[in-house]
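If you want the building blocks of each chain, they are given just below.
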Amino acid sequence: METRIVARHRFPKFLQLIAMMLPALCSACMVWAQDGRWNFNIGGGIGFPQSDLSAFINDGANFVVGGGYNVNRWVSTNGEFMWQDLPVNSTTEQALQTPGASARQYAVTFDPMVKVPLGRRLGAYAIGGIGWYHRSGETTTPGAAVVCDPYWSWWYGCGIGTVNIVTGSTSANAFGENIGGGLAYRLGESHAKFYAEFRYHHANYHNVATNIIPLTFGIRW
C-alpha cells in the first residue's frame, strides 16, 4: 500500500503559478499577435464526461492555453495544453472503500483550425486534431501533519495542517484525438476575441477510455 502525504490544495501548483504569471503572459501574447501572423488563446470552463466515464466521474473544471500560426485569414494552426479535472463520484468512492479520491487529465494537442466569418465582428470556426493524453488519480484519507510544502512555506512557513494521505495511485498515457467548433466575437477594434467552444476529446486508455466534452469560454488574439 502506498502511503504518501500531500498538502490539501484546491488547485494544482502549476495552475496557481500560471494565475500569478497571467497578466505578464497576456501582455506578451497581445504584443506578439499584433502583426497577425500568430494566434494565442486562454480559457476555462466545464467538462462533461461521456460513455463509460460518466459512471465514475462527475462534471469538472477545465483550463486551456495555446497558440499557433495563422496560415491565412481562414486557416491557422494551434498547439494547446489542456487540464481537465475528473471528480470521482461518491458511488465510486464507496466501491473503492475510500473516503476520498481524485483524478485529472492533461493533454498536449496539435489542432488545425478553419475559420468562417459570419459578420464584421462575429465568426465561427472548426477545430480538431491529435495529441498526447495523460490521466492520473489517487485514493486518499484525511489526516493531520506538519506541512512544510516549499510553495506554502514561502508565504506562511511550516505549520500543522490538514493533509491527504495517499493510499493508492494510478496513471496512464495514451494518444487521442479531438474535434469541435466554436464562435468568436471581436472585442472593439482590437485583435482580441471572446470565444465559446465545445470540443469532443477521446483518449483510448487500456481500461476505460476518457471521452469528455469540455465547454470552454475564453479569449483569442
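Residues numbered from 1 in each chain as written. Predicted model: local features only at pLDDT ≥ 70, side-chain atom pairs only at ≥ 80, totals over all residues. Heavy atoms only, no water.

Caption draft 1: Quick peek at the pairing of strand β10 (residues 193-203). Bridge analysis of β10 against strand β11 (residues 210-220) gives 9 bridges, and the strand direction is antiparallel. Bridge assignment links Glu 197 to a residue of β11, and that residue is Thr 216. Counting the residues in the hairpin turn of β10 and β11 gives 6 residues. (Pairing = 2+ DSSP bridges. Helix = DSSP H or I, 4+ residues; strand = E, 2+ residues; numbered from the N terminus.)

Caption draft 2: Spotlight on unusual backbone geometry. Of note, Ser 51 is a non-glycine position whose phi angle comes to about 55°, a positive value. One non-glycine residue, Gln 97, adopts positive backbone phi at about 55°. Here Gln 97 is to be found in the loop between α2 (90-96) and β6 (100-110). Under the relative-accessibility criterion, Gln 97 is labelled exposed at 75%. (Buried < 20%, exposed > 50% of the residue type's maximum accessible area, 1.4 Å probe, protein only.)

Caption draft 3: Structural view of the pattern of salt bridges. By the definition in use, this model includes 8 salt bridges. A salt bridge links Glu 138 to Arg 104; the shortest N-O distance between them is 2.5 Å. Taken together, the positions of Glu 138 in strand β8 (residues 122-147) and Arg 104 in strand β6 put the pair 34 residues apart, joining distant regions of the chain. Linking Arg 220 and Glu 197 is a salt bridge whose minimum nitrogen-to-oxygen distance equals 2.9 Å. Of this pair, Arg 220 sits in strand β11 while Glu 197 is found in strand β10, placing the two residues 23 residues apart along the sequence. Here Arg 220 matches Glu 197 in class, with each residue buried. One connected set of salt bridges, linked through shared partners, spans Glu 80, Asp 111, Glu 197, Arg 199 and Arg 220. (Salt bridge = Lys/Arg side-chain N within 4 Å of Asp/Glu carboxyl O.)

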